[in-house]
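Residue-level listing of the chains:
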Amino acid sequence: MRVYLDNAATTRISEAAKQAMTPFWDEIYGNPSSLHTFGQAASNALQLARESIAKNLNASPQEIYFTSGGSEADNQAIFSAARLGAKRGKKHLITSAIEHHAVLHPMMALRDGGFELTILPVQPETGFVRVDDLAAALRDDTALVSIMLANNEVGTIQPIAEMTALCRARKIPFHTDAVQAVGHIPVDVRALNADTLSLSGHKFHGPKGIGALYCRKGHPLQAYLLGGAQERNRRAGTENLPAIAGMAAALREAVDDIAETAAHMTSLRDQLIAGLRQIDRSHLNGDPMHRLPGNVNFCFEGIEGEALLLLLDTKGIAGSSGSACTSGSLEPSHVLLALGRPHEIAHGSLRLSLSRHTTQEEVDYTLAQIYGIVDYLRKMSPVWERIMAEKN
Amino acid sequence: MAMGYSDKVMDHFINPRNVGEIENPDGVGEVGNAKCGDIMKVYLRVEDGILIDVKFKTFGCASAIATSSMATELIKGKPVADALELTNRAVVEALDGLPAVKMHCSVLAEEAVRSAIKNYYDTHGIAYNPALFAGLDEEHDHGDLAEEV
């Protein structure tokens with residue numbers, strides 16, 4: 001049995017998205033910037049895709065800028081706000097400790113370049129940013145606040161609307177990384193009230209290498225990639241029309257079925273959570289309620305994540321882990337550490353991320369395999385031996 | 001091949017040799033720390049100066065388990081003095097290589113064996129040159145160890 005439970009990393013492209021892309025390889029292949037008929041056909045298709053994406057976010061088409069993905073959208077939003085802020089003497093940035101590196105690393109690069117950076121802590125285990133902490137951190141010289149809508153590792157959904165209200169009242173720009181949220185939970189940019197928001201096509205069964213930055217009408221946005229007038233001078237480079245059309249189709253499909261899909265995934269997610277809670281010394285990471293419908297994240301004491309992951313792989317199950325060994329660095333996940341997990345426990349983490357294709361049979365099979373593997377690894381673990389000895 | 005591991009690493013990870021404990025061992029050594037993500041514990045049974053049995057328990061990633069397994073295989077049945085000559089390089093070679101970021105696991109396996117032998121010497125009143133075990137009690141540090149290979 002082959003079970004793909006790494007949908008937070010990337011998803012299988014949908015049939016609708018694949019079909020939507022087909023005409024753009026050898027029929028509508030003109031450059032949208034060209035004035036001839038070939039170009040205009042492409043330009044029209046680009047406009048239709050933009051309108052469709054805007055509609056599914058409750059945005060207007062002029063508020064959507066296509067990018068190469070979520071990382072570029074985050075980078076553009078952050079560097080733009082920082083440069084615009086610096087021009088007016090505002091050199092303070094705020095973000096949270098559990099952001100994706102596509103937000104954290106630009107923020108740290110700006111700090112190295114002379115900005116002051118406040119990294120807000122999150123609540124233990126759940127990962128919520130306290131709105132009061134944000135309120136206390138806001139300053140007259142704050143150039144940008146960037147807090148993610150939903151966390152990629154532990155699935156926590158932040159109360160973004162409460163935070164944007166605070167910032168809007170003080171005219172402080174607000175960016176939200178919504179890469180994991182769009183297509184999975186309702187995302188209404190008017191209700192969220194952020195100035196900029198990033199999304200990525202391949203997280204909701206669209207193609208890879210395409211994303212978008214929403215920028216509220218009237219909010220200033222600088223280009224990040226220079227060298228062309230595309231995207232109303234905000235993003236140089238010939239538009240990736242096949243991927244844009246694919247992403248638009250994938251988003252339409254995801255939003256059309258969002259309630260049904262979320263109910264299906266939430267039910268399976270909660271079975272996995274309940275099942276994994278049965279394991280002695282296991283800890284759910286993130287909030288049980290305010291979490292993405294497809295996210296399951298646990299730490300198992302006494303074992304290490306990479307070993308767990310690779311043994312699951314031998315059983316056909318694909319998951320991910322926040323252990324140091326899987327990150328390629330020597331540190332376990334910054335998100336799990338920010339949630340208050342000690343290093344030795346953070347090493348034993350497992351993330352399973354579901355999709356609309358996940359089945360009951362797959363969940364049952366996965367649970368049974370995890371029980372066996374955790375037990376097996378613990379039997380050979382001197383750390384587990386110590387934990388058991390301390391208990392007795 | 002997962003994570004760039006050789007077939008031999010995967011074999012020793014999935015089917016580790018000599019897993020377990022020895023009751024009342026003649027020597028036991030534990031190295032690493034859980035904070036870094038790997039701990040290895042090696043148990044020895046010695047008869048007439050020969051390692052007639054070796055077992056291990058490991059908390060760690062696939063390469064930590066595989067290097068423990070291979071290190072115990074390499075010394076089992078050998079005279080204690082020969083086992084002391086085990087190098088991390090020999091463990092890596094026997095496994096057909098390790099990814100660069102995992103080299104510290106082989107160093108840890110070598111240290112676990114040496115630590116168990118030191119414990120055997122200490123508990124059996126066997127005299128030895130302390131220089132043989134230089135550096136063993138130092139704090140485990142990935143950064144330094146990675147440079148050794």
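It should be noted that the structure appears before, not after, this text.
Residues numbered from 1 in each chain as written. Chains lettered and ligands numbered in written order. Predicted model: local features only at pLDDT ≥ 70, side-chain atom pairs only at ≥ 80, totals over all residues. Heavy atoms only, no water.

**Observations concerning the overall build of chain B**
Now for step 1: For chain B, the count of helices and strands is six helices and three strands.
Now for step 2: Within the span of chain B, comprising 149 residues, buried residues form 54% of the whole.
Now for step 3: Sequence-distant contacts, at least 24 apart, represent 60% of the contacts inside chain B between residues at least 6 apart. (Helix = DSSP H or I, 4+ residues; strand = E, 2+ residues; numbered from the N terminus. Buried < 20%, exposed > 50% of the residue type's maximum accessible area, 1.4 Å probe, protein only. Contact = heavy atoms within 4.5 Å.)

**So, the state of the cysteines**
Now for step 1: Enumeration according to the criterion identifies zero disulfides over all chains in this entry.
Now for step 2: This cysteine, Cys167(A), is not joined by any disulfide, and Cys215(A) carries the nearest cysteine sulfur, 15 Å off.
Now for step 3: Take Cys105(B): it sits in no disulfide, and the sulfur closest to it among the cysteines is that of Cys61(B), at 4.0 Å. (Disulfide = S-S within 2.5 Å.)

**Quick notes on the packing of aromatic side chains**
Now for step 1: Taken as a whole, this structure holds seven aromatic pairs over all chains when the rule is applied.
Now for step 2: Judged by centre distance (5.8 Å) and plane angle (45°), the ring pair of Tyr29(A) and Phe38(A) falls under tilted.
Now for step 3: A ring pair is formed by Tyr120(B) and Tyr121(B), whose centres lie 5.8 Å apart and whose planes are at 45°; its orientation type is tilted. The exposure classification of Tyr120(B) matches that of Tyr121(B), with both residues buried.
Now for step 4: Chaining the aromatic ring pairs together yields one cluster made of Tyr120(B), Tyr121(B), Tyr128(B) and Phe133(B).
Now for step 5: Taking the ring centre of Phe115(A) as reference, the NZ or CZ of Lys91(A) above it sits at 5.1 Å.
Now for step 6: Stacked on the ring of Trp384(A), the Lys or Arg Arg378(A) has its end atom at 3.8 Å from the ring centre. (Phe/Tyr/Trp six-rings, centres within 6.5 Å; stacked < 30°, edge-to-face > 60°. Lys NZ or Arg CZ within 6 Å of the ring centre and 35° of its normal.)

**What about the pairing of strand 3 (residues 50–59) of chain B?**
Residue and element names in this part refer to chain B.
Now for step 1: In terms of strand pairing, strand 2 (residues 38–47) meets strand 3 through nine bridges, oriented antiparallel. Looking at the pairing, Val42 lines up with Phe56 of strand 3.
Now for step 2: Hairpin connection of strand 2 to strand 3: two residues between the antiparallel strands, including Asp48 at a positive phi of 50°. (Pairing = 2+ DSSP bridges.)

**Considerations on the pattern of salt bridges**
Now for step 1: A full pass over the atoms with the stated rule returns 27 salt bridges over all chains.
Now for step 2: Between Lys57(B) and Glu21(B) there is a salt bridge whose closest N-O contact spans 2.7 Å. With a gap of 36 residues between them, Lys57(B) in strand 3 and Glu21(B) in the loop between helix 1 (7–14) and strand 1 (27–33) connect regions that are remote in the sequence.
Now for step 3: On the basis of relative accessible area, Glu21(B) is assigned to the partly exposed category, the value being 45%.
Now for step 4: A network of salt bridges, in which partner residues are shared, links Glu385(A), Glu21(B), Lys41(B) and Lys57(B). (Salt bridge = Lys/Arg side-chain N within 4 Å of Asp/Glu carboxyl O.)

**Some points on the sheet that holds strand 10 (residues 295–300) of chain A**
Residue and element names in this part refer to chain A.
Now for step 1: Strand order in the open sheet formed by three strands is 9-10-12, and the pairing between neighbours is antiparallel. What marks the edges here is a single partner per strand, and that holds for strand 9 (282–284) and strand 12 (349–353). Across the sheet, the mean angle from the axis of one strand to that of its neighbour is 25°, orientation sign disregarded.
Now for step 2: Strand direction decides the pairing type here: strand 10 and strand 12, joined by five bridges, are antiparallel. Pairing of Asn295 across the sheet is with Ser353, part of strand 12. (Axes fitted to C-alpha atoms, helices over the stretch in contact; angles between N-to-C directions.)

**Focus: the sheet that holds strand 3 (residues 92–96) of chain A**
All names here are of chain A.
Now for step 1: Spatially, the seven strands line up as an open sheet ordered 2-8-7-6-5-3-4, and their pairing is mixed. Strands with a single pairing partner mark the edges of an open sheet, and in this sheet they are strand 2 (64–67) and strand 4 (116–120). Shown here is a sheet whose adjacent strand axes are inclined to one another by a mean of 20°, direction ignored.
Now for step 2: In the sheet, strand 3 pairs with strand 5 (residues 142–146) via four bridges, with the strands oriented parallel. Bridge pairing in strand 5 links Thr95 to Ser146.
Now for step 3: Across the sheet, helix 4 (residues 70–87) is in contact with strand 2, strand 3, strand 5, strand 6 (174–177), strand 7 (196–200) and strand 8 (211–215); its angle to strand 7 comes to roughly 160°.
Now for step 4: Running over the sheet, helix 5 (residues 101–112) touches strand 3, strand 4, strand 5 and strand 6 and is turned about 155° from strand 3.

**With respect to the nonpolar core**
Now for step 1: Core analysis: the biggest nonpolar cluster contains 72 residues, and Leu276(A), Phe300(A), Leu308(A), Ile370(A), Phe13(B), Leu44(B) and Ile117(B) have the highest contact counts within it.
Now for step 2: When residues of this core are assigned to their parent elements, the largest contribution, ten residues, is made by helix 5 (residues 103–123) of chain B.
Now for step 3: Aside from chain neighbours lying at most four places away, what touches Leu308(A) is Phe300(A), Ile303(A), Leu350(A), Ile373(A), Val374(A) and Leu377(A). (Core = buried A, V, L, I, M, F, W, Y, C linked by side-chain atoms within 4.5 Å.)

**Quick word on the environment of Ile157(A)**
All names here are of chain A.
Now for step 1: By the secondary structure assignment, Ile157 is in the loop between strand 5 and helix 7 (160–169).
Now for step 2: Sequence separation between Ile157 and Lys217 is 60 residues; the distance between their C-alpha atoms is 25 Å.
Now for step 3: Filtering out sequence-adjacent residues up to four positions away, Ile157 remains in contact with Phe128, Leu149, Ala150, Ile185, His290, Arg291 and Leu292.

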